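Results of the structural survey
The residues making up each chain are set out below.
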Amino acid sequence: MSTTVKRVYGYLAEFESASALYKAAEKVRDAGFRKWDCYTPYPVHGLDAAMGVKRSILPYFVFFGGMTGLATSFFLAYVTQVGIYPTVVQGKPANIFTVPAFFPIMFELTVLFSGFTALFGLMGLCQLPRWNHPLFASRQFHRTTDDGFFIAIEARDPKFSAEGTKGFLGEIGGANIELVEDDGN
Amino acid sequence: MADAATKTKSETPQPREVKLPVLEREKLVLNKRSYHWITERVCGVVENKQPRIWWALFIPTFLMALIGVGGGLTYLVSTGVGVWGNSNRVMWGWPIVNFVFWIGIGHAGTLISAILFLTRQNWRTSINRAAEAMTIFAVICAGIFPAFHVGRVWMAWYLAPIPNANAIWQNFKSPLLWDVFAVSTYFSISLVFWFLGMVPDLATIRDRCKAGVKKVMYGIFSLGWRGSNRHWSHYEMAYLLLAALSTPLVLSVHSVVSFDFATTIVPGWHTTIFPPYFVAGAIFGGFAMVLTIMVPARFFYGLEDLITMKHIDNMAKIILLTGSIVGYAYIMELFVAFYSGAAYEMAAFKYRMTGPYWWAYVCMISFNVLSPQLFWFKWCRENLWVVMGVSMCVNAGMWFERFVIIVTTLTRGFLPADWKYYNASWVDILTFMGTIGLFTSLFLLFLRFLPCVNIAEVKWVKEESDVHFDDKQEHPDDGTSAESAYQHELEKGTAEV
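Reading the values: rules and limits
- Residues numbered from 1 in each chain as written.
- Chains lettered and ligands numbered in written order.
- Predicted model: local features only at pLDDT ≥ 70, side-chain atom pairs only at ≥ 80, totals over all residues.
- Core = buried A, V, L, I, M, F, W, Y, C linked by C-beta atoms within 7 Å.
- Buried ≥ 20, exposed ≤ 12 C-beta atoms within 10 Å, placed from the backbone.
- Helix = DSSP H or I, 4+ residues; strand = E, 2+ residues; numbered from the N terminus.
- Contact = placed C-beta atoms within 7 Å.
- Domains from an automatic or database assignment.
- Axes fitted to C-alpha atoms, helices over the stretch in contact; angles between N-to-C directions.
- Parallel < 35°, antiparallel > 145°, perpendicular 65-115°, else oblique.
- Left-handed = near helix turned anticlockwise from the far one by under 90°.
- Nonpolar A, V, L, I, M, F, W, Y, C, P; charged D, E, K, R; others polar.
- Pairing = 2+ DSSP bridges.

Let's talk about the nonpolar core
Core analysis: the largest hydrophobic core is formed by 185 residues, its most contacted members being A:Ile151, B:Met134 and B:Val290. Looking at this core, the element that brings in the most residues is helix H6 (residues 175–208) of chain B, giving 16 residues. Apart from the residues within four sequence positions on either side, A:Ile151 is in contact with A:Ala13, A:Phe15, A:Leu21, A:Ala24, A:Ala25, A:Val28, A:Trp36, A:Cys38, A:Leu169 and A:Gly174.

So this is what it looks like as structure tokens:
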């Protein structure tokens, strides 16, 4: 194998509570960092603003997903019922006036397409699934899904510096500050 | 004396300190359990050895599923649908009764996860996971019946709008096809919602596993979730959107099921009250099933601090409310039949109540309308035996409701020569028992392998999960702390606006 020169992923620091994390996040944001993130066991409300994260753009995806579903079901029903295979049952019409009878299916497919767009849109926006991540190598990071509150500042942030960032994380109340390496997987 | 008199007059009364009682909400997590305790307790259900009762329930229910669903359906397919009790007049016997019964059960799960989410009912957090699981399993049980009821099950794919060699297309005007779309959409979206809600909790289990097959499996399904706030931001949006989509969806599903009946011209079915009446009944029956499975699960796995008496109390109240709505619908049905002056309509209802199926009607009324009335009393809502008893009654009652609607109507058509008494065959009974076994064993497997309480959301409802918790501790002030902490922050200039 090749000689492995490990790159630095960034610094990881632990905070004792959601409140402490919230206050620290505001300071990291105000210090002008860009490539950083908070890691929490549950969605901490208010943290988005403290981090300066914008509102998710997922609804736009879902809207277009839903519209695709609506159009699909409309054409599916209309083309087959009115165009290529009109089924006349109980003397009901097979023309434009049949459309109200398609509403239930149009609704269902709108919901179906929107729901799957929400799932896959979320996975796309989060770049998940991603089963490997440098942070998983950290000895304390597993606590983030239990009771740990972390901030990680990445090395690719222009403001990152080996000593300065470490000191900064300590200043804003971080404990157990750890250098996380990226072994290039 | 004089002194005392002047004193009483001259002294201005001290203003008594008035303290308004602060009505505190009951805590949703009792005994100030820590985050780690919640993780330990919920993951413990998956990680520890199962209690004996788990095996005592799993083995018989699994066998029931195997013999009932596996055996019963094999016999049915290899022989023909004639082995069911269905006949030319009663084409929708037990299979459709069971279908409507199971699909209704599922509705409480979506109600808890979607509607209570939109209305910000935080007590939903500890029961939503299990209720959603119940939805999925109930819809699986429901789906079996119409699929085999088509007669030649290998032709069931004709239900799907796929181009075929005969160039025949489905009738999109038919409620039966609407049903195909409604139920399959409902199943898919419920599954997505359930899975999405579970991703962070699967990650919790993954992080606790030692390396091995288990870790790999939980790892794969948790998608590499790492609790990043940038992810949570999108995640919460996705969750909100799915809740907003599921809410009309769940209302539509049972409405569409009721259209199967209401769009016919059969007396007793042809009523506009059916959609709301079916939806209320579905939620009613679903909540009863949630209680039936959660009360024992909570006891055997020691989840009393997470699923508290407050939760049970709330669910009992919902059962009382929806049970009363269902009772109102029963009465209104009778009134409308009377008020319509239509001879056939009146005859249908008279037959329902006093005909040979009077016993089913009595069961329906006493289980669905009368038994939930016990929940007016606090003592009954607090006594778990009463809660379980009423839930069992409601489960049975909702089955009888569907039986009454379907069977009493179909056994008396417009042609008296057709009238007959319908009996289910042993294959009907076996298959239905099989679905009960399937439902229970799937739920037990769920308890065994997946986090049965939403760990992340339960952590979120704890007091200290609020980002302003520290400020509140520093500035306590009689219950209005949230506002004052915010005010305090505004003064400091650190509040998010």
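Looking at the domain arrangement of chain B
Accessible area lost upon the coming together of the parts is a frequently used measure of interface size. Domain boundaries assigned for chain B yield domain 1 (47–152 + 177–461) and domain 2 (470–497). Relative placement of domain 1 of chain B and domain 2 of chain B: their C-alpha centres are 44 Å apart.

Quick word on the environment of A:Asp37
Assignment of secondary structure puts A:Asp37 in strand E2 (residues 36–39). Given 24 C-beta atoms within 10 Å, A:Asp37 falls into the buried group. Along the backbone, A:Asp37 and A:Met51 are 14 residues apart, and their C-alpha atoms lie at a distance of 8.0 Å. Leave out the neighbours within four places in its chain, and A:Asp37 touches A:Ala152, B:Ser228, B:Asn229 and B:Arg230.

Notes on the packing of helix H5 (residues 128–149) of chain B against helix H9 (residues 274–300) of chain B
Residue and element names in this part refer to chain B. Relative orientation of the contacting elements H5 and H9 amounts to 125 degrees, with a least axis distance of 10 Å. Put simply, H5 runs oblique to H9. The handedness of the crossing between H5 and H9 is right-handed. On the side of H5, the interface is formed by Ala130, Ala131 and Met134, while H9 contributes Met289, Val290, Ile293, Met294 and Ala297. Of the residues contributing to the contact of H5 with H9, the split by class is eight nonpolar, no polar and no charged.

Here's the deal with the interface of chain A and chain B
Each partner contributes to the interface: chain A provides 62 residues, whereas chain B provides 58 residues. If you list the elements that add at least two residues to the side of chain A that touches chain B, you get helix H1 (18–30), E2, helix H2 (47–51), helix H3 (58–84) and helix H4 (103–126) of chain A. Tallied by class, residues from the side of chain A that touches chain B come to 39 nonpolar, 15 polar and eight charged.

What about the sheet that holds E2(A)?
Residues and elements named next belong to chain A. Taken together, the four strands give an open sheet; going across it, the order is E2-E3-E1-E4, and neighbouring strands pair in antiparallel fashion. Looking at strand neighbours, the two that pair on one side only are E2 and strand E4 (175–182), the edges of this open sheet. With strand direction ignored, the average angle separating the axes of adjacent strands in the sheet is 20 degrees. Taken together, the four bridges between E2 and strand E3 (residues 149–154) define a ladder with antiparallel strand orientation. Each residue of the ladder has a partner; that of Trp36, found in E3, is Ile153. Packed onto the sheet, H1 meets strand E1 (7–15), E2 and E3 and runs at close to 20 degrees relative to E3. Contacts from helix H5 (residues 162–171) reach E1, E3 and E4 within the one sheet, and its direction differs from that of E1 by about 10 degrees.

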